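Coordinates in review
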Amino acid sequence: MKLIQKEMVAEKLLTQEFLAVYKAFSQELQQLVTFDQFAEMNIAFNVDVQHYELAFQNEFQQLEQYIFLDNEKRKVIVVAFDRDGIIQGLYLKPYVTYPESDQRLTVNQYRMPICDEWVVFWGGTNEFYNYHYAYEHMRYAYDLVRVKDGSTYQHNPLRNENYYAFGADVIAPCSGQIVTVVNDLLDNVPGEMDEENAAGNYVVIAHEHEEYSMIAHLKQHSICVKTGDFVNVGQIIGRCGNSGNSSEAHIHFQVMDSPQLAQAKSIRIQFQQGHEPVQGDKIQPLLLK
């Protein structure tokens, strides 16, 4: 195994120096794809590409991710390195964006629905930082976790109580009126998911300008507000759980143009003080003044 200069991966693939890249693969990755398969895929993918540029870079879950775009911004190469510089993941995809909705921000300003430091697990305006981005009804959603010493849990990972996020207070991200409450669903055993009730226990709050925030995957019977209640920004509405289509305790937060998720379009959130967190960012609570 031979390491490679991280910023040069896309260029080496374009110039067909495939072996230099392949030698930097982890053993597990080499077992998934042969060198011949890897070379063949890249030759086909790089047709009509003149050059690549490094567009995004972030660190998350002990991996360093490099995202390269071609000259036409139609193709993307994503490479994930571990702390030893070994490539643990590489994939080639069309680069799909939604510039019209990207430019539409919420009229209201919001804060994250948290009381202390959390980490963005998914969030941002491309599908490589935010898997929600491909889906119109949750395109600008955030998934938030709590992390200590590089992990979201301690001891046995099959117990919800061992996750730092589980049971943490969840607050209203903006003042408004409660329009939907689901509170009775069981929390999953970590690693299992309830796909039939994707949001799990959740709250929808109606705000000014026909905007609706949704906070999902809350703990069973923890929601302390009811439909019709008015809540102020920062007011506790429940506790983080692991209900719905969730494999571990976390918060799903989004703003949309309808109280019904299936009919809604997600709106890019305007945060206080111009903050725009993306995957891997540590976030602190902010209060409106």
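So, here is what we can say about the structure in this document. Note that this is a predicted model, so its numbers are computed, not measured.

**Details of the pairing of strand β9 (residues 176-182)**
- Two strands pair when backbone bridges link them, and β9 and strand β12 (residues 230-231) are joined in this way by two bridges, in the antiparallel orientation. Along β12, the bridge assignment pairs glycine 176 with valine 231.

**Considering the pairing of strand β3 (residues 75-81)**
- Burial analysis of β3 places seven of its seven residues in the buried class, the great majority of the element.
- Here β3 shows no split at all, with Lys75, Ile77, Val79 and Phe81 on one side and Val76, Val78 and Ala80 on the other all buried.
- Relative to β3, strand β2 (residues 63-70) runs antiparallel, the two being bridged by six bridges. Across the sheet, the residue bridging to leucine 69 is valine 76, located in β3.
- Count of turn residues in the β2/β3 antiparallel hairpin: four residues, of which lysine 73 carries a positive phi of about 55°.
- Relative to strand β4 (residues 87-94), β3 runs antiparallel, the two being bridged by seven bridges. The residue bridging isoleucine 77 from the neighbouring strand is leucine 92, located in β4.
- Counting the residues that bridge the hairpin from β3 to β4 gives five residues, and of these glycine 85 lies at a positive phi of roughly 80°.

**A few points about the packing of aromatic side chains**
- Scanning the model with the defined rule gives 17 aromatic pairs in all.
- For the ring pair tyrosine 153 and tyrosine 163, a centre distance of 5.2 Å and an interplane angle of 45° mean the geometry is tilted. Residue tyrosine 153 is located in the loop between β7 (142-145) and β8 (169-171), and its partner tyrosine 163 is located in the loop between β7 and β8; the two are separated by ten residues in the primary sequence.
- Residue classification places tyrosine 163 among the buried positions, given a relative accessible area of 7%.

**Some remarks on the nonpolar core**
- Core analysis: the largest hydrophobic core is formed by 31 residues, its most contacted members being Met112, Trp118, Leu144, Ile215, Ile237, Ile251 and Phe253.
- Ignoring sequence-local partners within four residues, the contact set of isoleucine 237 consists of Val170, Ile171, Ala172, Val203, Ile215, Ser222, Ile223, Cys224, Val225 and Val231.
- Core analysis: the second largest hydrophobic core is formed by 24 residues, Val9, Leu13, Tyr22 and Tyr52 among them.

**Regarding empty space enclosed by the protein**
- Counted according to the given criterion, the structure contains one cavity of 30 Å³ or more.
- Partitioning the lining of the largest cavity into residue classes produces four nonpolar, three polar and two charged.

**Describing the pattern of salt bridges**
- Applying the stated rule across the entire model yields eight salt bridges.
- Glutamate 64 is the partner of lysine 6 in a salt bridge, and the nearest nitrogen-oxygen pair spans 2.7 Å. Of this pair, lysine 6 sits in the segment before α1 (9-14) while glutamate 64 is found in strand β2, placing the two residues 58 residues apart along the sequence.
- The class of glutamate 64 is buried, set by a relative accessible area of 15%.

**Considering the sheet that holds strand β10 (residues 201-207)**
- Across the sheet, eight strands lie side by side as β12-β9-β10-β11-β14-β7-β6-β16; this open sheet has antiparallel pairing. Of all strands in the sheet, those bounded by a partner on one side alone are β12 and β16 (282-283).
- As paired elements, strand β11 (residues 211-218) and strand β14 (residues 251-256) share five bridges and run antiparallel to each other. Directly across from serine 213, in β14, lies its bridge partner valine 255.

**Some remarks on the environment of glycine 123**
- Along the chain, glycine 123 turns up in the loop between β6 (118-122) and β7.
- For glycine 123, a relative accessible area of 0% translates into the label buried.
- Considered as a pair, glycine 123 and glutamine 50 are 73 residues apart in the sequence and their alpha carbons are 30 Å apart.
- Those residues within four positions of glycine 123 in sequence are excluded, and the remaining contacts are Tyr129, Asn130, Ala141, Tyr142, Pro277, Val278 and Gln279.

**Some thoughts on the layout of surface pockets**
- Approximately 540 Å³ is the volume found for the largest pocket.
- The class makeup of the residues in the lining of the largest pocket is eight nonpolar, six polar and ten charged.
- In terms of lining residues, the second largest pocket is bounded by 22 residues, among which Tyr131, Asp143, His217, Asn245 and His250 are the most central.
- When residues of the lining of the second largest pocket are traced back to their parent elements, those giving at least two are β6, β7, β11 and β14.

**What to know about the side chain of lysine 75**
- Within the element layout of this structure, lysine 75 appears in strand β3.
- One buried charged residue, lysine 75, forms no salt bridge at all, with the nearest opposite charge on aspartate 48 at 6.0 Å.
- Polar side-chain contacts of lysine 75 include one of 2.9 Å to the backbone oxygen of valine 47.
- For lysine 75, the contacting residues outside a window of four places in its chain are Phe45, Asn46, Val47, Val49, Tyr52, Phe68, Leu69, Asp70, Lys93, Pro94 and Tyr95.

Reading the values: the criteria
- Residues numbered from 1 in each chain as written.
- Predicted model: local features only at pLDDT ≥ 70, side-chain atom pairs only at ≥ 80, totals over all residues.
- Heavy atoms only, no water.
- Pairing = 2+ DSSP bridges.
- Helix = DSSP H or I, 4+ residues; strand = E, 2+ residues; numbered from the N terminus.
- Buried < 20%, exposed > 50% of the residue type's maximum accessible area, 1.4 Å probe, protein only.
- Phe/Tyr/Trp six-rings, centres within 6.5 Å; stacked < 30°, edge-to-face > 60°.
- Core = buried A, V, L, I, M, F, W, Y, C linked by side-chain atoms within 4.5 Å.
- Contact = heavy atoms within 4.5 Å.
- 1 Å grid on protein atoms, 1.4 Å probe; cavity = no way out; pocket = protein on both sides within 12 Å on 5 of 7 lines; lining within 4 Å.
- Points joined across faces, edges and corners; volume = space filled by probe spheres on them.
- Nonpolar A, V, L, I, M, F, W, Y, C, P; charged D, E, K, R; others polar.
- Salt bridge = Lys/Arg side-chain N within 4 Å of Asp/Glu carboxyl O.
- Lys, Arg positive; Asp, Glu negative; His and termini not counted.
- Polar contact = N/O pair within 3.5 Å; in protein donor to acceptor, adjacent residues only side chain to side chain.

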